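# Close look at the chain arrangement
So you can see what is in the structure, the chains are spelled out below.
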Amino acid sequence: EDGMVVRSRTLFEDIAEKTASADPLGWSVLCDVQMETPGYVGRMEDFLKKNPHSIVAPQLKYAHAANLFDRQDYVSAAAVYADIERKSLYKRQIDEFLFCQAYCDLEMSRLTAATEKFTELTKRPKSDYTAPAQYVLGYIKYEMKDFLSALGWFEKSATDPRFTENSSWY
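Computed from a prediction, not measured in an experiment: that's the story for all the values here.

## Quick look at the packing of helix α2 (residues 22-35) against helix α4 (residues 57-70)
Remark: α2 packs on α4, axes separated minimally by 9 Å, with the N-to-C direction vectors making an angle of 10°. The angle between α2 and α4 falls in the class roughly parallel. Here Gly26, Val29, Leu30, Val33 and Gln34 of α2 lie close against α4, whose contacting residues are Gln59, Leu60, Ala63, His64 and Asn67. Here the residues of the contact of α2 with α4 sort into five nonpolar, five polar and no charged.

Okay, here's the thing in C-alpha cells:
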C-alpha cells in the first residue's frame, strides 16, 4: 500500500527461497499481479494450482479481477470475482468488490443481479461506492422506465459532488 511493491517482491522471494514456504512465494506473486508484470497470469495460475488454500489465494484472485475490470474485460473479471468468497477478503475491500461485481453484471446485461448487488451496497455503511451505486441504480430504473424509483436514486446520488450534475440532469 505504500508503493514498495518492487522491494516487497524481492524480500518475499528471498524468504520463500530460505524457508521453502508457499505463502511468501504467494505474496511475491501478488506483487507481480499488482504491478501487472508480463507473464503474471501464468505464475499466478501455477501458484493457485499448487496452493489453492493459501491465505494469499483470495488476494491474488481479487487483484487479478481488478486488473481485468480496469481493462474493461467485464466477462473475465466477473468470472474471477465469482470465484472469490467475500468472507475471505479484507473488510476494506468489500464495497469495491460488490461494486465491481455489480458493474460487471450491468455490463453483461444481468440487470437483476446488478440491481441486487448495487442495492446491497447502498445498505452498507457509507463509502466511496455508495453514491456510484445509487447513481447506477437510478440509471437502471430510468432505462426500465421506472421514473419514480429512478428519481429517488438520482436524488440520493446528487448529494455527492461527483454525481450532482448528471443526477440533476436525469
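## A word on α2
Relative to the 20 Å expected for 14 residues at 1.5 Å per residue, α2 spans 20 Å between its end C-alpha atoms, a close match to the ideal helical length. Taken together, the buried positions of α2 are occupied by Pro24, Gly26, Ser28, Val29, Leu30, Cys31, Asp32 and Val33. In this structure, the buried residues of α2 make contact with α1 (5-19), α3 (40-50) and α4. Downstream of α2 by a residue or two, Glu36 has a phi angle that is positive, lying close to 50°.

## Notes on the nonpolar core
Ranked by size, the top nonpolar core spans 33 residues in total, and within it Phe69, Tyr81, Cys104 and Phe118 carry the most contacts. Looking at this core, the elements with two or more residues in it are α4, α5 (74-82), α6 (94-107), α7 (111-123), α8 (130-143) and α9 (147-157). In this view, Phe69 contacts Tyr74, Ala77, Tyr81, Cys100, Tyr103 and Cys104; residues no more than four positions away in its chain are not counted. By size, the runner-up hydrophobic cluster in this structure holds 11 residues, among which are Val33, Val56, Ala57 and Leu60.

## A closer look at the side chain of Asp105
Position of Asp105 relative to the elements: it lies in helix α6. Sequence-distant contacts of Asp105, that is, excluding residues within four places in its chain, are made with Arg110, Ala113, Ala114 and Lys117.

## Topic: the pattern of salt bridges
Per the stated rule, a full pass over the model turns up 11 salt bridges. With its nearest N and O atoms 3.3 Å apart, the salt bridge here joins Lys50 to Asp46. Here the residue Lys50 and the residue Asp46 both occupy positions in helix α3, the gap between them amounting to four residues, near one helical turn. When its relative accessible area of 60% is taken as the criterion, Lys50 is described as exposed. On the basis of relative accessible area, Asp46 is assigned to the partly exposed category, the value being 38%. Salt-bridge contacts for Asp105 lead to Lys117; the nearest nitrogen and oxygen are separated by 2.6 Å. One end of the pair, Asp105, is in helix α6; the other, Lys117, is in helix α7, and 12 residues separate them in sequence. For Asp105, a relative accessible area of 3% puts it in the buried group.

Cut-off values and rules
- Residues numbered from 1 in each chain as written.
- Predicted model: local features only at pLDDT ≥ 70, side-chain atom pairs only at ≥ 80, totals over all residues.
- Heavy atoms only, no water.
- Axes fitted to C-alpha atoms, helices over the stretch in contact; angles between N-to-C directions.
- Helix = DSSP H or I, 4+ residues; strand = E, 2+ residues; numbered from the N terminus.
- Parallel < 35°, antiparallel > 145°, perpendicular 65-115°, else oblique.
- Contact = heavy atoms within 4.5 Å.
- Nonpolar A, V, L, I, M, F, W, Y, C, P; charged D, E, K, R; others polar.
- Expected span 1.5 Å × (residues − 1).
- Buried < 20%, exposed > 50% of the residue type's maximum accessible area, 1.4 Å probe, protein only.
- Core = buried A, V, L, I, M, F, W, Y, C linked by side-chain atoms within 4.5 Å.
- Salt bridge = Lys/Arg side-chain N within 4 Å of Asp/Glu carboxyl O.

Read these as geometric descriptors, not functional statements.
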